[in-house]
Amino acid sequence: MSRQELTIGAAGLQTQMRSWLAPLAWLFLLVLFASGMPHLEGAFRWIEPDSREVIYRRAGFFVLLGQHVLVVGVASLLAVALGIGSAIAVTRPAGRDFLPLVSQLASIGQTFPPVAVLALAVPALGFGTLPIIVALLLYGLLPIVRNTLTGLDGIDADVREAARGMGMTGGQLLRQVELPLAAPVILAGIRTSVTVNIATAALGATVGASNLGDPIIAGIINGNTAYIVQGALLIGLLALAVDSVFERLLRRG
Amino acid sequence: MESGRRVPNRVLLALMLAGLLAWLALDAVSLAPNRIVPGNSYRAFEIGGGWPALAMTLPMLVVAGLAWRPSPQTLRLALWSVLALLVLLPWWLVAASASLVEPEMPQARIGIGVSIWLLLFVWLLTLIELRTRLGLPRQLGWLLLLPVLASWWVALVWWLEPLSLYREYQARSDQFLAAVTTHLALVGAAVLASLVLGALLALAMRRHPGVRRAGFGLLNFLQTVPSLALFGLLLAPLAWLGARFDALAAIGVSGIGWAPAFLALLGYSLLPMVRNMYVALEEVDPAVIESAHGMGMNRRQVLLQVRLPLALPIVLEGIRITTVQAIGLTAVAALIGAGGLGTFVFQGLGQAAMDMVLLGALPILGLALVADAAISALSERLRPGGAA
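Residues numbered from 1 in each chain as written. Chains lettered and ligands numbered in written order. Predicted model: local features only at pLDDT ≥ 70, side-chain atom pairs only at ≥ 80, totals over all residues. Heavy atoms only, no water.

Asker: Which parts of the structure should I look at to understand the overall build of chain A?
Answerer: If you tally the helices and strands in chain A, you get eleven helices and zero strands. Helices (α) and strands (β) of chain A occur, in sequence order from the N terminus, as α-α-α-α-α-α-α-α-α-α-α. Overall size of chain A, expressed as C-alpha extent along the three principal axes, is 75 × 55 × 20 Å. The buried share of chain A, reckoned over its 253 residues, is 47%. Excluding contacts between residues fewer than 6 apart, the proportion of contacts in chain A whose partners are at least 24 apart in sequence is 75%. Of the roughly 12,200 Å² of accessible surface on chain A, a fraction of 66% belongs to carbon and sulfur atoms. Treating the 16 positive side-chain charges of chain A as one cloud and the 14 negative ones as another, the clouds have centres 5 Å apart. (Helix = DSSP H or I, 4+ residues; strand = E, 2+ residues; numbered from the N terminus. Buried < 20%, exposed > 50% of the residue type's maximum accessible area, 1.4 Å probe, protein only. Contact = heavy atoms within 4.5 Å. Areas by Shrake-Rupley, 256 points an atom, 1.4 Å probe, with all protein chains shown as cover. Lys, Arg positive; Asp, Glu negative; His and termini not counted. Charge placed at Lys NZ, Arg CZ, Asp CG, Glu CD.)

Here you go:
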């Protein structure tokens, strides 16, 4: 690792810095708008001249942003652990019986609209943050499982054979050969999963979770366009910031 | 494998075990005197002395037994057993509602409990597993579901009036029909418009690399923006346009309603459509084009007679992705007053009326699955060298 880093050199370091510019810029904008929203009162007054209140004040924008990130983060971490774990389990000799079913389920499940999954979670689990996390987790599993299976499946049989020939055990083969080779495809699956989850979590505001979807829903109900713009702006920036981080990670892979 | 010692099919065993546990341990139905009061829950064996529940248990045990020594014959028998279960389930519900609902409760509602939802899920997984193991074509799988649907339909129309979902539907059947129509109209309009615009864009992208880079950049950007945010952001400029120009307001352009919904749907639909069309046009083998030119075809003929037929399956794949995605996104559009099945979902969530949520969510799910299956079947059929 260190040898690799040394050979990158000064010029390489500079391009590395530059390639992180896009994610950093989106993050900076996100933090800037989350903290500076009340200072934009003039602009929002212009959008929504008829309302008395033009800045959403039921909760701070940082609190809403934090809750949004927390829900998506918890669900996505669980989805990554469970998704990669189960995809690995069904590609080992012991679990291979389950491979056809799991891979079909992962592809059929992706036709389920996320809204419907969220809506079905509520009758089963009630209102609040828990059903959202469960719905996001279940829905987020699918692209991760599918891409992990695709990634593991795409590895050349000769490569496995060679690793076995070098005397690698099953665990070593997985850790040192299979997972690194499948990493870009898996990462792409995680990216899809997180992107959809950020969007679906916003809908969670309709089932009693408070997050960045709140100002939008409140704005729609009260006919206050300024609220809607505030929520939409922050969700959009959050999605773009997270997406650009993945973009950056994928390009290195 | 085919000889004497066969290995048990562990997938089927696990699924049947899960199904039996759910059936024995969890609540199967609930009974409420009306829409507002929460009901009492009952497990399957607490109803009718447990005999109807036992009748449902036996086929599951049969499937588990057959899975012990799997062969094509036993697996086919298992498939029939699972289908029998799916056909029987509504009649179990009929029996349950007959034994639970008293004549003096005209508004009584039978709710489907967690156990039955899990059973349905497990049985569908079992069907998928059996279909894969037996190597049955996908279309046959759908055909097998027809008797199941027929059985449910007959039970619902004549005997299952107290089923809460059915009562909810009957209370607003007109609204339901209108919602389905609106939903399909929005999806259809977005898919058609994106098909036309997508074709034009893909052709322009092939000519000009600049358009390609800018176009894909913009569409990728749009696809990343969450739907709720995009609907919200379109609200303001469209409200302004509607207020400023009477002609636009006259055709219904305003911040709320079909206009922002349609525009956002179109924006999301363009990326999968353009991407697939572009790939479809690019990936045609140059040798084929070359020989078409050699046969004396002009550019136009090559496009219409060679490129398009070869590109069709990939374009259909784009239409499939777009349609399924649009069905889900249209549900969100209900929040900005565009109508459609999402209206039931969000109204139901607002009133904590779960039957209403289901009345919206289940058809959305069904539409997405049917659209996916239908377009997949079509593209399978049209693939060159496929089952045409």
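Further notes follow.
Asker: Mind showing me how you'd approach the sheet that holds strand β1 (residues 27–32) of chain B here?
Answerer: Residues and elements named next belong to chain B. If you walk across this open sheet you meet the three strands as β2-β1-β3, and the pairing is antiparallel. For this open sheet the edge positions go to β2 (40–43) and β3 (109–112), each flanked by a neighbour on one side alone. Between one strand axis and the next, the sheet turns by 30° as a mean value, whatever way the strands run. Pairing between β1 and β3: four bridges, direction antiparallel. Residue pairing across strands places Ala32 opposite Arg109, the latter belonging to β3. Taken strand by strand, helix α4 (residues 114–134) contacts β1 and β3, and its axis lies near 140° from that of β1. (Pairing = 2+ DSSP bridges. Axes fitted to C-alpha atoms, helices over the stretch in contact; angles between N-to-C directions.)

Asker: Where do I start with the interface of chain B and chain A in this structure?
Answerer: Accessible area lost on assembly of the parts is the figure often given for the size of an interface. The interface is formed by 42 residues belonging to chain B together with 40 residues belonging to chain A. In total, chain B and chain A occlude about 3,600 Å² of area from one another, counting both sides; carbon and sulfur atoms represent 82% of this. Our count for the contact surface shared by chain B and chain A stands at one salt bridge. Residue Asp97(A) pairs with Arg10(B) through a salt bridge whose shortest N-O separation is 3.2 Å. Applying the counting criterion to the chain B and chain A interface returns five residue pairs in polar contact (both at pLDDT 80 or more). Counting only elements with at least two residues in the side of chain B that touches chain A, the list comes to α1 (10–25), α4, α8 (209–224), α9 (227–244), α13 (299–333), α14 (342–351) and α15 (354–382) of chain B. Sort the elements by how many residues they give to the side of chain B that touches chain A and α15(B) lands first, with ten residues. (Buried area = accessible area lost by both parts, 1.4 Å probe. Salt bridge = Lys/Arg side-chain N within 4 Å of Asp/Glu carboxyl O. Polar contact = N/O pair within 3.5 Å; in protein donor to acceptor, adjacent residues only side chain to side chain.)

Asker: Whenever I open this one, the nonpolar core confuses me. Can you help?
Answerer: The tendency in soluble globular proteins is for nonpolar side chains to be buried as a group. Judged by nonpolar contacts, the single largest core of 126 residues is most densely connected at Leu203(A) and Leu228(B). The biggest single contributor to this core is helix α11 (residues 258–282) of chain B, with 15 residues. Met56(B), Leu83(B), Val101(B) and Ala108(B) belong to the second-largest nonpolar core, a separate cluster that totals 52 residues. (Core = buried A, V, L, I, M, F, W, Y, C linked by side-chain atoms within 4.5 Å.)

Asker: Just checking my understanding: could you explain the domain arrangement of chain B for this structure?
Answerer: Residue and element names in this part refer to chain B. In terms of domains, chain B is made up of domain 1 (10–165) and domain 2 (173–382). One C-alpha centre belongs to domain 1, the other to domain 2; they are set 36 Å apart. With seven residues of domain 1 at the contact, the number on the domain 2 side is ten residues. Around 690 Å² of area is buried between domain 1 and domain 2 when both sides are counted, 65% of it from carbon and sulfur atoms. In terms of surface lost to domain 2, no three residues of domain 1 exceed Arg35, Trp142 and Leu165, which account for 60% of the buried area on that side. Its salt-bridge partner being Arg109, residue Asp355 comes within 3.0 Å of it at the nearest N-O pair. The set of elements that each furnish at least two residues to the side of domain 1 that touches domain 2 consists of α5 (138–158) and α6 (164–171). Counted by class, the side of domain 1 that touches domain 2 contains three nonpolar, two polar and two charged residues. (Domains from an automatic or database assignment. Nonpolar A, V, L, I, M, F, W, Y, C, P; charged D, E, K, R; others polar.)

Asker: Looking at this structure, how should I read the packing of α13(B) against α15(B)?
Answerer: Residue and element names in this part refer to chain B. Relative to each other, α13 and α15 sit at 175°, their axes nearing to 9 Å. By the angle between their directions, the pair α13 and α15 is classed as roughly antiparallel. Here Leu312, Pro313, Leu316, Ile319, Arg320, Thr323, Val324, Ile327 and Ala331 of α13 come into contact with α15, specifically with Ile364, Leu367, Ala368, Ala371, Asp372, Ile375, Ser376, Leu378, Ser379 and Leu382. Class assignment for the residues of the contact of α13 with α15 results in 14 nonpolar, three polar and two charged. (Parallel < 35°, antiparallel > 145°, perpendicular 65-115°, else oblique.)

Asker: Help me understand the confidence of the model for chain B, please; the structure alone is not making it clear to me.
Answerer: Should pLDDT be low for a region, the predicted coordinates there are not to be read in detail. Averaged over all residues, the pLDDT of chain B is 83; the fraction at 70 or higher stands at 95%. Mean pLDDT across the elements of chain B ranges from a minimum in helix α10 (residues 246–250) of chain B, with 70, to a maximum in helix α7 (residues 173–207) of chain B, with 91. (pLDDT = per-residue confidence, 0-100.)

Asker: Is there a simple way to think about the pattern of salt bridges in this case?
Answerer: Between side chains of opposite charge, a pair can form when the charged atoms approach closely. In the structure shown here, the tally under the stated rule is 13 salt bridges over all chains. A salt bridge links Arg160(A) to Glu178(A); the nearest nitrogen and oxygen atoms lie 2.6 Å apart. Here Glu178(A) lies in helix α9 (residues 170–203) and Arg160(A) lies in helix α8 (residues 157–165), a separation of 18 residues in the sequence. Salt bridges linked by common partners bring Arg109(B), Glu168(B), Arg172(B) and Asp355(B) together as one network.

Asker: Looking at this structure, how should I read the side chain of Thr126(B)?
Answerer: Residue and element names in this part refer to chain B. By the element assignment, Thr126 lies in helix α4. Note on Thr126: relative accessible area 0%, which makes it buried. In this structure, Thr126 is in contact with Leu12, Leu15, Met16 and Val82, ignoring residues within four places of it in sequence.

Asker: Explanation requested: the environment of Ile235(A) in the structure shown.
Answerer: Mapped onto the secondary structure, Ile235(A) falls in helix α11 (residues 225–252). In this structure, the C-alpha to C-alpha distance between Ile235(A) and Leu65(A), residues 170 residues apart in sequence, is 8.3 Å. Leaving out residues up to four positions away in the same chain, Ile235(A) has contacts with His68(A), Ile198(A), Ala202(A), Leu212(A), Gly213(A), Ile216(A), Pro226(B) and Ala229(B).

Asker: So what exactly am I meant to see when it comes to a nonpolar patch on the surface here?
Answerer: Residue and element names in this part refer to chain B. Taken together, Leu24, Phe45, Trp51, Leu54, Leu58 and Leu61 make up a surface patch of nonpolar side chains, about 610 Å² in accessible area. Per element, the largest residue contribution to the nonpolar patch is four residues, and it comes from helix α2 (residues 51–68). Positionally, Leu54 belongs in helix α2. (Patch = residues over 30% accessible without salt bridge, like charges linked within 9 Å, V, L, I, M, F, W, Y side chains within 5 Å.)

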